[in-house]
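# Results of the structural survey
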There are 2 protein chains.
Amino acid sequence: MWQVIRMIRTLTALALLLPTPAFAQASAAIASGKVAPSALSPGEIVAAAPKAEWVAIAPSDLLVMDLAPDAKARPRRVVIQLMPPPFSQGWIGNIRKLAAARWWDGLSVNRVQDNYVAQWGDADGEDKAKARALPRGLTVVPESEYTHFSGSTAAMQDPCRPRGLSPRELCDSYAPLAAFRQGWPLAIDGASVWPVHCYGMVGVGRDLSPNTGSGAELYTVIGHAPRHLDRNIALVGRVIEGIEHLSSLPRGTGALGFYETPEERTPIVSIRLGNEVAGLPVYEYLSTESATFARYADARANRRDPFFIKPAGGADICNIPVPVRRAK
Amino acid sequence: MWQVIRMIRTLTALALLLPTPAFAQASAAIASGKVAPSALSPGEIVAAAPKAEWVAIAPSDLLVMDLAPDAKARPRRVVIQLMPPPFSQGWIGNIRKLAAARWWDGLSVNRVQDNYVAQWGDADGEDKAKARALPRGLTVVPESEYTHFSGSTAAMQDPCRPRGLSPRELCDSYAPLAAFRQGWPLAIDGASVWPVHCYGMVGVGRDLSPNTGSGAELYTVIGHAPRHLDRNIALVGRVIEGIEHLSSLPRGTGALGFYETPEERTPIVSIRLGNEVAGLPVYEYLSTESATFARYADARANRRDPFFIKPAGGADICNIPVPVRRAK
């Protein structure tokens, strides 16, 4: 049983680094002039995607955080998609155990730093006398897991010069290459591949090195992509619905945006894996290997819809959010 | 008199494109190993800057927006620094007239779209019967003013390959080059120079082209840099204090994040130029031509303070915010 799971994970891990022919073909077709560039907006392009290009997310790969209702008694639910192998699986295994143990229930959002992160977990975690005990069996993950080594380096054209019409491989300020694989934004340097800190990505708080964090303390990006955190902290997923319940919280006035009084914290009612939540919608993402995603990414980099007069000619990977929706 | 002003503006415009020797020297010294790279954090580097490296901002170049107090009766002030010549001066002239006419007083923040913008102005602006009349004498600015033509193209090394230790000229996903000049983040393509949509930058809402907006409808960026707007909309300044009063507002649930009911809008008490506001602190920014700024930018691209284990080796221009503070 475990061997089969391991084999599936290995295959998935390999698939993550394979070329993505549909995207490449669509990009080439647009670049060569065989396909007219679209005057549709990115949203219109995505809305026209055939059903087959959407990939359903397994409920067991969702983490559902219910915050206490807001001042007007409206519910506040944040839905997070966990990353697939080969990334961060040690921490994600811990997160599954923490959710199963109801470990976060009754804890809170303790830090909201403007243009940076919102962070939740145990506000007393630093105080050994008061800290909530972690469940047994959590893994201590080594720092080497911040980056995945694919074992193969594909020969790549320089994505910065010239910038293509269609960003199959993106010019990046932090790595030789940025690219999408199986729904996720990644940076690539030779055989090294790592997920990147875009808006809404969820990461694992930690103490000073060599501590790598357990997964009990989590944050999400609520500002400009803090890419300097890449390869320094584990990324475990992204918020796919409800990020406004975190990004619009009052900013903390203490150091690093921590709240100075307990009253300012937002209580967490519960955090559960999606397969434990009754009535959860099915969520799906647009395959980043699809022809529609290629057209969408091209349109994000070269807006030709009526408002725009000057297509940019390129795009930062974090300015091409992967479309996610509730399945119809 | 006008000739003198014009000459000063022309000199300023030229200075904006000159090399910045202090920065270049500091970068070269670090890159060559003559100066030890700092293990200080970017904040610690900035805190140690000598007073002479800080540039005071004239109160007449500030725009002060007082929103209605929040639910706990706390004041909400947003301070904006207007851009210097040669950028966007037509719109900025209009903004000065609108502030002098008290045009915004009693209007509101009408749109807050997550990971995008917060926008303020006349909620009834689209309705001719209800719209507040604009003051006379506003300039209609042509689209050509979105970009400044410097008339000179300096030969540049490719900033993407290899990435230097010190980002004097930054690799950029949207232009051949990104760089700081006189306190502002700019993109450069040959003789064309334009300001860029980083977090906190303030722009001018407009209708479809050829409309370029008057400056009456303004927005600020509250998410990942929407650089596709560069050269498509005028940028006129940046929020230097109080952006949390905009970025933490509830998101609008209508199309594009507009509020659906008047009650959701945040009222604007007043918008004034800084020289009209009694008791305003003096604000100053760290000269982007200073040695400290070079060290700061290097540290943003290569974090060596204790938390970090892997310096990024590069940085996006919008991840190097120009330090601004109240003068001591």
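Residues numbered from 1 in each chain as written. Chains lettered and ligands numbered in written order. Predicted model: local features only at pLDDT ≥ 70, side-chain atom pairs only at ≥ 80, totals over all residues. Heavy atoms only, no water.

## Considering empty space enclosed by the protein
- Under the counting rule described, the total for this entry stands at four cavities of 30 Å³ or more.
- Taken as a whole, the largest cavity spans an internal volume of roughly 90 Å³.
- Forming the walls of the largest cavity are 15 residues, and the residues nearest its centre are S173(A), D316(A), S173(B), Y174(B) and D316(B).
- Here the residues of the lining of the largest cavity are counted per class, giving five nonpolar, four polar and six charged. (1 Å grid on protein atoms, 1.4 Å probe; cavity = no way out; pocket = protein on both sides within 12 Å on 5 of 7 lines; lining within 4 Å. Points joined across faces, edges and corners; volume = space filled by probe spheres on them. Nonpolar A, V, L, I, M, F, W, Y, C, P; charged D, E, K, R; others polar.)

## A short note on the pairing of strand 10 (residues 201-204) of chain A
Residue and element names in this part refer to chain A.
- Going residue by residue along strand 10, you find M201 and G203 tucked away on one face and V202 and V204 tucked away on the opposite face as well.
- In the sheet, strand 10 pairs with strand 12 (residues 235-241) via three bridges, with the strands oriented antiparallel. Bridge pairing links G203 to L235 in strand 12.
- The pairing of strand 10 with strand 11 (residues 218-221) spans three bridges and is antiparallel. Residue pairing in the sheet places V204 in a bridge with L218 of strand 11. (Buried < 20%, exposed > 50% of the residue type's maximum accessible area, 1.4 Å probe, protein only. Helix = DSSP H or I, 4+ residues; strand = E, 2+ residues; numbered from the N terminus. Pairing = 2+ DSSP bridges.)

## A closer look at the sheet that holds strand 1 (residues 54-56) of chain B
Residue and element names in this part refer to chain B.
- Taken in spatial order, the three strands line up as 1-14-15 in an open sheet, and their pairing is antiparallel. In the strand order of this sheet, the two ends are held by strand 1 and strand 15 (324-326), each with one partner. On average, each strand axis in the sheet is inclined to that of its neighbour by 35°, with strand direction left out of account.
- Of the pairings in the sheet, the one linking strand 14 (residues 283-286) to strand 15 comprises three bridges and is antiparallel in character. Bridge assignment links Y285 to a residue of strand 15, and that residue is V324. (Axes fitted to C-alpha atoms, helices over the stretch in contact; angles between N-to-C directions.)

## Quick look at the sheet that holds strand 6 (residues 148-149) of chain A
- Here four strands make up an open sheet; going across it, the order is 6-9-8-7 (chain A) and the pairing antiparallel. If you trace the sheet from one side to the other, it starts and ends with strand 6 and strand 7 (177-181) of chain A, each paired once.

## Some details on the state of the cysteines
- Considering all chains together, one arrives at four disulfides over all chains under this definition.
- Here C160(A) engages in a disulfide with C171(A); their sulfurs sit 2.1 Å apart. Its torsion about the S-S bond being 90°, the disulfide of C160(A) and C171(A) is classed as right-handed. Here C160(A), found in the loop between strand 6 and strand 7, pairs with C171(A), found in the loop between strand 6 and strand 7; they are eleven residues apart in sequence, far enough to count as distant.
- Disulfide partner of C198(B): C318(B), at an S-S distance of 2.1 Å. With the S-S dihedral at roughly -75°, the linkage between C198(B) and C318(B) falls on the left-handed side. Taken as a pair, C198(B) in the loop between strand 9 (192-195) and strand 10 (201-204) and C318(B) in the loop between helix 6 (291-301) and strand 15 lie far apart in primary sequence, 120 residues in all.
- Owing to a relative accessible area of 7%, C198(B) belongs among the buried residues under this scheme.
- Of the residues examined, C318(B) reaches a relative accessible area of 7% and is grouped as buried.
- Taken in N- to C-terminal order, the disulfide-linked cysteines of chain A are connected 1-2, 3-4. (Disulfide = S-S within 2.5 Å.)

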